[in-house]
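Remarks on the overall topology
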Amino acid sequence: MIVDRHGRRFRKLRLSLTAACNYACTYCVADGRRLVAARDELTAAAMLRAVELLRDVAGVEELRITGGEPLLSDRLEPFLQGIGKLALQGISLTTNGQLLAGKLPLLRCAGIQRLNVSLDTLDPSAFRTIAKGGDLQTVLSGIEQARRAGMSIKINMVPMRGSNLDQVMPMLAFCLEQGYELRFIELMRMGHLAQHAEAFRTQFVGQRELLELIGQRYAFTQAEAPVDSTALRYSVGERGAFGIIANESAPFCRSCSRLRLSSTGWLYGCLSSNRGHFMGALLDLPTEQAQPQLTGLLGRALADKQDATFTGSALIMKSVGG
């Protein structure tokens, strides 16, 4: 197992099944340009081989399937059919929910019990402005069907001044009522926002402002969370809980256990580093050859992690399993 001087290791893997997305969210890509699948994306078999190697060499225990939008990928079904055989401790999936209702039978058959759904507003007009695609009611229907199917659901919201800050309280009320845990994700200096400091600054809403806003209506207390959790969790009594992923306000770099694998076979140890480490060339090698080479890649990826402060990078979150 590879461990750095802060005791960090790679325990959680986020795998991008495809770079393609049916949205073009304003905080992810510029100018409404939708991401498309890369021509050299790994096959489902190659992705399964990658996860197996990372489990054995890095000690990866948990997997989150992401994208782009993973439900768009034609690799989804064969990947899900194989991933259960790797005996990971936990498997979850992040989606924008647009195709969720139609894919629920597949997800349930594969044993997926935990979903993170990206949803930034309950206002149809704001939804179209932010997502640049999709239909709000279709997403809400998919989430409700997943809830009725017994899935554990977290909703991810990126609050932005001038776009959806007025939706913070309606979103929280909705999630508490429905039994979903809402996660507010601070706007990140990634991709085009890393290059336009003024645009980032004017839209950014931090942890303190969110808590002050929520405190006007709800009494809450800080709740326990795993030591390597990205979110600070808060309990709203018997109503439920919410979290804040405070990348800027309260960086969690010192305890980060995440590793990302892109759909094209590149490993990323830190979102504050543009540097990727190509794993794709190892996937056809015999295990006794692949493992030592992967150890070297993982050591370099772990060294990319920041010591204390998230600084962002030019990476597009959706392309690296954000």
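Above this note sits the structure.
Residues numbered from 1 in each chain as written. Predicted model: local features only at pLDDT ≥ 70, side-chain atom pairs only at ≥ 80, totals over all residues. Heavy atoms only, no water.

What follows deals with the pairing of strand β9 (residues 241–245). When you tally the buried positions in β9, you get 5 out of 5 residues, the bulk of the element. Along β9, one buried face is formed by Ala241, Gly243 and Ile245 and the opposite face, lined by Phe242 and Ile244, is buried too. Sheet analysis places strand β6 (residues 181–185) next to β9, joined by 4 bridges and oriented parallel. By the bridge assignment for β9, Leu182 is matched with Phe242. Pairing geometry for strand β8 (residues 232–235) and β9, over 4 bridges, is antiparallel. By the bridge assignment, Tyr234 is partnered in β9 with Phe242. Where β8 folds back on β9, the antiparallel hairpin that results is connected by 5 residues, among which Gly237 adopts a positive phi of roughly 60°. (Buried < 20%, exposed > 50% of the residue type's maximum accessible area, 1.4 Å probe, protein only. Helix = DSSP H or I, 4+ residues; strand = E, 2+ residues; numbered from the N terminus. Pairing = 2+ DSSP bridges.)

Among the nonpolar cores identified, the biggest contains 98 residues, and Phe79, Ile83, Ile155, Phe184, Met279, Leu294 and Leu298 are the most heavily contacted of them. Excluding anything up to four places from it in sequence, Met279 contacts Ala50, Leu53, Leu54, Leu261, Gly265, Leu267, Leu294 and Leu297. Membership of the second largest hydrophobic core comes to 7 residues, among which are Met188, Cys253, Tyr268 and Leu315. (Core = buried A, V, L, I, M, F, W, Y, C linked by side-chain atoms within 4.5 Å. Contact = heavy atoms within 4.5 Å.)

Time to look at the packing of aromatic side chains. Taken as a whole and assessed by the stated rule, the structure comprises 8 aromatic pairs. The interplanar angle of 80° and the centroid separation of 5.5 Å between the aromatic rings of Phe220 and Tyr234 together place this pair among those described as edge-to-face. Remark: Tyr234 occurs in strand β8 and Phe220 occurs in the loop between α8 (207–215) and β7 (221–222); sequence separation between them is 14 residues. Its relative accessible area of 25% is what places Phe220 among the partly exposed residues. By relative accessible area, which is 5% here, Tyr234 ends up buried. Here Trp266 and Phe278 contribute two aromatic rings whose centre-to-centre distance is 5.0 Å and whose plane-to-plane angle is 45°, an arrangement assigned as tilted. Taken together, the positions of Trp266 in strand β11 (residues 266–268) and Phe278 in strand β12 (residues 277–278) put the pair 12 residues apart, joining distant regions of the chain. Taken together, the aromatic side chains of Phe184, Phe220, Tyr234 and Phe242 make up a single cluster linked through ring pairs. (Phe/Tyr/Trp six-rings, centres within 6.5 Å; stacked < 30°, edge-to-face > 60°.)

Residue Gly68 is bonded to the preceding Gly67 through a cis peptide linkage, with omega at 25°. A positive phi angle, close to 55°, is found at Ala87, a residue other than glycine. By the element assignment, Ala87 lies in the loop between α2 (76–83) and β3 (90–95). Take Ala87: its relative accessible area is 65%, and that puts it in the exposed class. Despite not being glycine, Lys132 has its phi angle at roughly 55°, a positive value. Relative to the assigned elements, Lys132 resides in the loop between α4 (124–131) and α5 (136–148). Taking the relative accessible area as the measure of exposure, Lys132 reaches 36% and is therefore partly exposed.

Another point: the packing of helix α6 (residues 168–178) against α8. Where α6 contacts α8, the axes come no closer than 10 Å and their chain directions differ by 65°. Taken together, the axes of α6 and α8 are roughly perpendicular relative to one another. Classified by chirality, the crossing of α8 by α6 is right-handed. Of the residues in α8, those in contact with Val168, Met169 and Leu172 of α6 are Leu210, Leu213 and Ile214. (Axes fitted to C-alpha atoms, helices over the stretch in contact; angles between N-to-C directions. Parallel < 35°, antiparallel > 145°, perpendicular 65-115°, else oblique. Left-handed = near helix turned anticlockwise from the far one by under 90°.)

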